[in-house]
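# Architecture at a glance
The residues making up each chain are set out below.
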Amino acid sequence: MTHPPAAKRLLFATQNAGKLRELRELVAALDVEVLSLADITAPEVEETGETFAENAILKAQGACEATGLPTLADDSGLEVDALDGRPGVRSARYAGPDANDRQRYEKLLGELEPLQGQNKRTARFRCAMAFCLPGAKPVVHQGACEGEIMHTPRGEGGFGYDPVFFCHALQKSFAEADAAEKNRVSHRGKALELMADVLRDYFRQA
Ligand code: ITT
């Protein structure tokens, strides 16, 4: 049976090109057209939540209500033990509103510098993924990936804090991993794996 094209569209409510690239690979088997906020008009959503899950729901619901499309949103960030879990939900805003990825991870390295000698560079990426359909309660799944913050950046791949995150499962930095390796163990990959049945069921029926 062939599906009408409109039923096979999934909106990923993000402005982050790195997340979008990974998500497209992660849902490739669903055979859906993935749109992002760059393709549609929707009011900007303020991330006022105190948790990844709250913010993921805010982003997914906002874009879903504005467009009527099945919508996924991801709220994610890096928790560093030596910083009591910061930058956490504020990972994107950590170095100010106009900072780029490099400025953010350099600020992080600078903040950890005076703490050298203490064995607390352990850290984890967390991701909450929310899926929203018009008029329905959002579904949320979460994933985490353990590692530590390196002293100097390594690797050219990935995005965001990847060059300074040494992933325990891969035994290399996320920026040294290729896309498939990272997706297999990452916070985003794990959250989406838990969401896979919900998405498959929806798009099978759509
Ligand atoms: P959207 O809200 O539009 O999706 P954003 O970049 O603002 O994009 P978040 O509010 O979820 O996203 O902030 C996530 C922050 O954590 C951001 O600075 C990312 O670069 C970083 N981050 C999240 N996942 C990451 C990953 O897999 N690798 C490296 N950095 C990541």
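Scroll up to find the structure this text is about.
Here we summarise the structure given alongside this text. All figures in this text were calculated on a predicted structure; none of them were measured in a lab.

### With respect to the overall build of the protein chain
The secondary structure content of the protein chain amounts to five helices and seven strands. What you see in the protein chain, going N to C, is helices and strands ordered as β-α-β-α-β-α-β-β-β-β-α-α. Radius of gyration (C-alpha) of the protein chain: 17 Å, near the 17 Å computed for a compact globule of 206 residues. With respect to the principal axes defined by its C-alpha atoms, the protein chain has extents near 60 × 30 × 25 Å. Looking at the protein chain as a whole, 45% of its 206 residues qualify as buried.

### What about the packing of aromatic side chains?
Per the stated rule, a full pass over the model turns up five aromatic pairs. Seen from their ring centres, Phe165 and Phe174 are 5.1 Å apart, and the 45 degrees between their planes marks the pair as tilted. Comparing Phe165 with Phe174, the two get one shared label, buried. Stacked on the ring of Tyr94, the Lys or Arg Lys107 has its end atom at 4.7 Å from the ring centre.

### A word on the sheet that holds strand β3 (residues 71–80)
Spatially, the seven strands line up as an open sheet ordered β2-β1-β3-β4-β5-β6-β7, and their pairing is mixed. One side of each edge strand has no neighbouring strand; the edge strands of this open sheet are β2 (33–36) and β7 (172–173). Pairing of strand β6 (residues 165–167) with β7 involves two bridges; the strand directions are antiparallel. Residue pairing across strands places Cys167 opposite Lys172, the latter belonging to β7. Strands in contact with helix α5 (residues 187–205) are β1 (9–12), β3, β4 (122–132) and β5 (139–149); relative to β5, the strand with the most contacts, it is inclined by about 160 degrees.

### Things to note about the site of the ligand
Close contacts around the ligand come from 21 residues, with Thr14, Gln15, Lys59, Asp162 and Lys182 the closest. Between an oxygen atom of the ligand and a main-chain N or O atom of Gln15, the distance comes to 2.8 Å. Within the side chain of Lys19, a nitrogen or oxygen atom sits 2.8 Å from an oxygen atom of the ligand. When the ligand sits alone it has 620 Å² of accessible area, and the protein chains cover 92% of it. Going through the elements one at a time, β3 and α5 are the ones with two or more residues in the shell around the ligand. Looking at the shell around the ligand, the element that brings in the most residues is β3, giving four residues.

### A word on unusual backbone geometry
In the segment running from Arg86 into Pro87, the intervening peptide bond is cis, with an omega of -5 degrees. Locating Pro87 in the fold gives a position in the loop between β3 and α3 (101–112). One non-glycine residue, Asp84, lies in the positive phi region at around 55 degrees. We classify Asp84 as exposed; its relative accessible area is 74%. Phi is positive for Gln171, close to 60 degrees, though the residue is something other than glycine. Relative to the assigned elements, Gln171 resides in the loop between β6 and β7.

### So, the side chain of His187
Tracing the backbone shows His187 in helix α5. Other than its neighbours up to four places away in sequence, His187 contacts Ser76, Phe125, Arg126, Cys127, Gly143, Ala144, Cys145 and Phe174.

### What about the environment of Cys132?
With respect to the element layout, Cys132 can be found in strand β4. Classification of Cys132 by relative accessible area gives buried; the value is 3%. C-alpha of Cys132 to C-alpha of Glu65: the two residues are 67 residues apart in sequence and 9.0 Å apart in space. Setting aside residues up to four positions removed in sequence, Cys132 forms contacts with Ala60, Gln61, Cys64, Leu69, Pro70 and Thr71.

Conventions used here
- Residues numbered from 1 in each chain as written.
- Predicted model: local features only at pLDDT ≥ 70, side-chain atom pairs only at ≥ 80, totals over all residues.
- Heavy atoms only, no water.
- Helix = DSSP H or I, 4+ residues; strand = E, 2+ residues; numbered from the N terminus.
- Rg over C-alpha atoms; globule rule 2.2 N^0.38 Å.
- Buried < 20%, exposed > 50% of the residue type's maximum accessible area, 1.4 Å probe, protein only.
- Phe/Tyr/Trp six-rings, centres within 6.5 Å; stacked < 30°, edge-to-face > 60°.
- Lys NZ or Arg CZ within 6 Å of the ring centre and 35° of its normal.
- Pairing = 2+ DSSP bridges.
- Contact = heavy atoms within 4.5 Å.
- Axes fitted to C-alpha atoms, helices over the stretch in contact; angles between N-to-C directions.
- Near = heavy atom within 4 Å.
- Polar contact = N/O pair within 3.5 Å; in protein donor to acceptor, adjacent residues only side chain to side chain.
- Areas by Shrake-Rupley, 256 points an atom, 1.4 Å probe, with all protein chains shown as cover.

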